[in-house]
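Each chain, written out:
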Amino acid sequence: MNTFDLMFNFKKTSLNRLNTYIYTVLPILVLFIGAFFFTVFGEEPPEENGINAEFTKMLLNMDDYSWDTLGDETVPLEQQNEEVLELLYHLVRVVPSGFLKQNAVKPFPNFSVLVHDPAQFRGQAFELKGHVVLVREIPLNPAERKRFRIPTIFRCRFCVDEEHFADILTAFVPAAWKRNEPIRERSAVTGIYIKRLAFNEPISGKLPSNESIFKESTFKESDFVPFLVAPRFQWFPDTFLGNFGFDVGSFDQVPPLRITDLKKKQFEVVPSLRILGRNEMIHRAFKFTEADREPFYGLLQAVSQIPPNRIRQEARRILEKEGKNKNSVIELFNNPAGTRGKPVLLHGVAKQVLLTLVEDKEVEILFGIKKYYQIYFYTDDSQGNPLVICVPSLPEGMPVGASPDYAEKITIAAIPYKLWVYETSAKLEGGNGYKPNYAPLLIGKSPVWHPKKQSAKPPINTKIQNTKTTISLTLFVLLLLTWTIMKRFQNKKTINFGEFFGSMMQFLFVRRPEIYF
């Protein structure tokens, strides 16, 4: 091959390598550089919020004109009562509370921006934390009550901090809150922002004289406050459970009825539940329903975060305050309303421990609970009736089971929740149905387990076996010994029993290296 051919082949090879680099390596390098610059200098696209103006307009079945009219600040709120009640109805009956909380705007926007630019935030969901300072109860007429299935509404003034306020319209407030007078209750609320209102617009008819202090400390840069519609308030009073983040107001959703109440036609319950029918109220009281989601899982979540000894200490403090030595199970059966939320300390035997898996993804997201354990628990004074205690975890090594011979002694500090009905296979008299049984349902911390101690005495079967073995070995040794001695005298015609006995004694007490056992 001449020099020209070598040069031509070298150029051809170089060009092929260059083409390969241009068409393969270079695009990869460009993509890598672009991705790097996008990661460092680019901005992530904003997440779509599930609740916005379009979502709220869809709930209310409103067009753009009606939506703008609802946000008109010159129109008094009393003239928009129907639209507001329609939204409140959907938030209470249609939109899941978990969906509302998950789609609340976080972080909360600057308050001045929220008030000065209402169009930007109208229709979005916000979570407010602070104190309720005033509650006005507004009863509905029979037609509104029947249409919206809400017995009454509440207009509340909410203090976010010492300078910023909001007006909230809601269907439920804790029954323990005072109406139409200044209060200060630690709470939180999640609602949809509709419009802004003039701050000096009265929310309770004639304003109490004390309310002037709220006017003096109001948001100075604006004469307006945001107005939101929310299904209910959360309440965190200065109590044992409230200080650990449990919404004590959620207890109002589940009536604490007694067994004797089943004979009554009407029940003494909080006003928010009076719209329920008798059968629906009984079902909500004794069964596990949708109304139990927030109080039950909320209490289970709060208990799991309480230090191990705090519930025991609180139970002992209550006993000392009431002048009692121990908690009575009878009171848990007969007075669910008076014992609800008050920690108790119990000793007894667990006959069943069952693992319960939570398949509701919303519960897992809101409360972080994937599983819990149900303990069917008997005490000395429960008279053969179980208590059902739900706990987030068990002590290490404590078995789970429901066999007839399962029995584990435990001590547990728990918080009574309600009276719960469970069914057994015992047939009703004159029928083939199942007999309902009622048990106090409590929520507690992991119990203190007292494992069974191993008996120091061996079992009877082991004793018999050991005795048989000992007798067998003794007989074997005696036979072997007799055979050995007899062998020494087998050539003698007569046996001197004295000599025979001496040989045996010598064998037993003098070491004979030539014989091994």
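Structural notes, computed from the coordinates. (Residues numbered from 1 in each chain as written. Predicted model: local features only at pLDDT ≥ 70, side-chain atom pairs only at ≥ 80, totals over all residues. Heavy atoms only, no water.)

1. Some remarks on the overall build of the protein
Looking only at helices and strands, the protein has 17 helices and 11 strands in total. Scored against the burial criterion, the 517 residues of the protein give a buried share of 42%. Taking the contacts inside the protein whose residues are at least 6 apart along the sequence as the reference set, 70% of them involve residues at least 24 apart. Only carbon and sulfur atoms are counted for the fraction: they give 56% of the accessible area of the protein, which is about 30800 Å². (Helix = DSSP H or I, 4+ residues; strand = E, 2+ residues; numbered from the N terminus. Buried < 20%, exposed > 50% of the residue type's maximum accessible area, 1.4 Å probe, protein only. Contact = heavy atoms within 4.5 Å. Areas by Shrake-Rupley, 256 points an atom, 1.4 Å probe, with all protein chains shown as cover.)

2. A short note on the environment of Pro451
With respect to the helices, strands and loops of the structure, Pro451 is situated in the loop between strand 11 (448-450) and helix 16 (460-488). In this structure Pro451 comes out as partly exposed when scored by relative accessible area, which is 44%. Distance in space between the C-alpha atoms of Pro451 and Lys409 is 7.0 Å, their sequence separation being 42 residues.

3. Considerations on the sheet that holds strand 4 (residues 185-198)
A barrel is described by the order of its strands in space; here 5 strands give the closed sequence 1-2-3-5-4, paired in mixed fashion. For this sheet, the mean angle separating the axes of adjacent strands, direction not counted, is 45 degrees. Strand direction decides the pairing type here: strand 2 (residues 152-159) and strand 3 (residues 165-172), joined by 6 bridges, are antiparallel. Within strand 3, the position partnered with Cys159 by the bridge is Phe165. (Pairing = 2+ DSSP bridges. Axes fitted to C-alpha atoms, helices over the stretch in contact; angles between N-to-C directions.)

4. Digging into helix 12 (residues 310-322)
With 13 residues, helix 12 extends 18 Å from end C-alpha to end C-alpha; this agrees with the ideal 18 Å at 1.5 Å per step. Listing the buried residues of helix 12 in full gives Ile311, Arg312, Glu314, Ala315, Ile318 and Leu319. All buried residues of helix 12 project into a common sector of 165 degrees when viewed along the axis, lining one side. Pointing more than 90 degrees away from the buried face of helix 12 are the exposed residues Glu320 and Lys321. Looking one or two places after helix 12, you find Gly323, whose phi comes out positive at around 70 degrees. (Expected span 1.5 Å × (residues − 1). Arc of directions from axis to C-beta.)

5. Brief notes about the nonpolar core
Counting residues in each nonpolar core, the largest one holds 54 residues, and the members touching the most others are Ile168, Phe233 and Phe296. Looking at this core, the element that brings in the most residues is helix 11 (residues 293-305), giving 6 residues. Leaving out residues up to four positions away in the same chain, Phe296 has contacts with Phe288, Tyr372, Cys390, Tyr417, Leu441 and Ile443. (Core = buried A, V, L, I, M, F, W, Y, C linked by side-chain atoms within 4.5 Å.)

6. Things to note about the environment of Leu241
Tracing the backbone shows Leu241 in the loop between strand 5 (224-235) and helix 10 (278-286). For the pair Leu241 and Ile311, spaced 70 residues apart in sequence, the C-alpha separation works out to 9.8 Å. Dropping the residues within four chain positions of it, Leu241 is found in contact with Phe246, Val248, Phe251, Leu299, Gly341 and Ile415.

7. Considering the packing of aromatic side chains
The final tally for this structure, using the stated rule, is 16 aromatic pairs. For the ring pair Phe55 and Phe99, a centre distance of 5.7 Å and an interplane angle of 40 degrees mean the geometry is tilted. Note that Phe55 is positioned in helix 2 (residues 53-60) and Phe99 in helix 5 (residues 97-102), a separation of 44 residues in sequence. Looking at Phe55, the relative accessible area reads 15%, which means it is buried. Measuring from ring centre to ring centre gives 6.3 Å for Trp177 and Trp235, while their planes differ by 85 degrees; the resulting arrangement is edge-to-face. Of this pair, Trp177 sits in the loop between strand 3 and strand 4 while Trp235 sits in strand 5; the two residues are 58 residues apart in sequence, bridging distant segments of the chain. For Trp177, a relative accessible area of 3% translates into the label buried. (Phe/Tyr/Trp six-rings, centres within 6.5 Å; stacked < 30°, edge-to-face > 60°.)

8. Observations regarding the pattern of salt bridges
With the rule as written, the count across this model stands at 23 salt bridges. When the shortest N-O distance is used, the salt bridge between Arg317 and Glu314 registers 2.7 Å. With Arg317 and Glu314 both in helix 12, this residue pair falls 3 residues apart, about one helical turn. A relative accessible area of 43% means that Arg317 is categorised as partly exposed. Connected through salt bridges with shared partners, the residues Glu290, Arg293, Asp360 and Glu362 form a single ionic network. (Salt bridge = Lys/Arg side-chain N within 4 Å of Asp/Glu carboxyl O.)

9. Let's talk about unusual backbone geometry
Positive phi outside glycine occurs at Arg149, with the angle close to 55 degrees. Within the fold, Arg149 resides in the loop between helix 8 (142-148) and strand 2. Although it is not a glycine, Asn180 sits at a positive phi angle of roughly 60 degrees. Locating Asn180 in the fold gives a position in the loop between strand 3 and strand 4. Look at Asn180 and you get partly exposed, because its relative accessible area is 43%.

10. Observations concerning the environment of Ile311
Mapping Ile311 onto the fold places it in helix 12. With relative accessibility at 0%, the residue Ile311 sits in the buried group. As a C-alpha pair, Ile311 and Ile415 span 104 residues in sequence and 8.3 Å in three-dimensional space. When sequence neighbours within four positions are dropped, the list of residues in contact with Ile311 reads Phe240, Val303, Ile306, Pro343, Ala413, Ala414 and Lys445.

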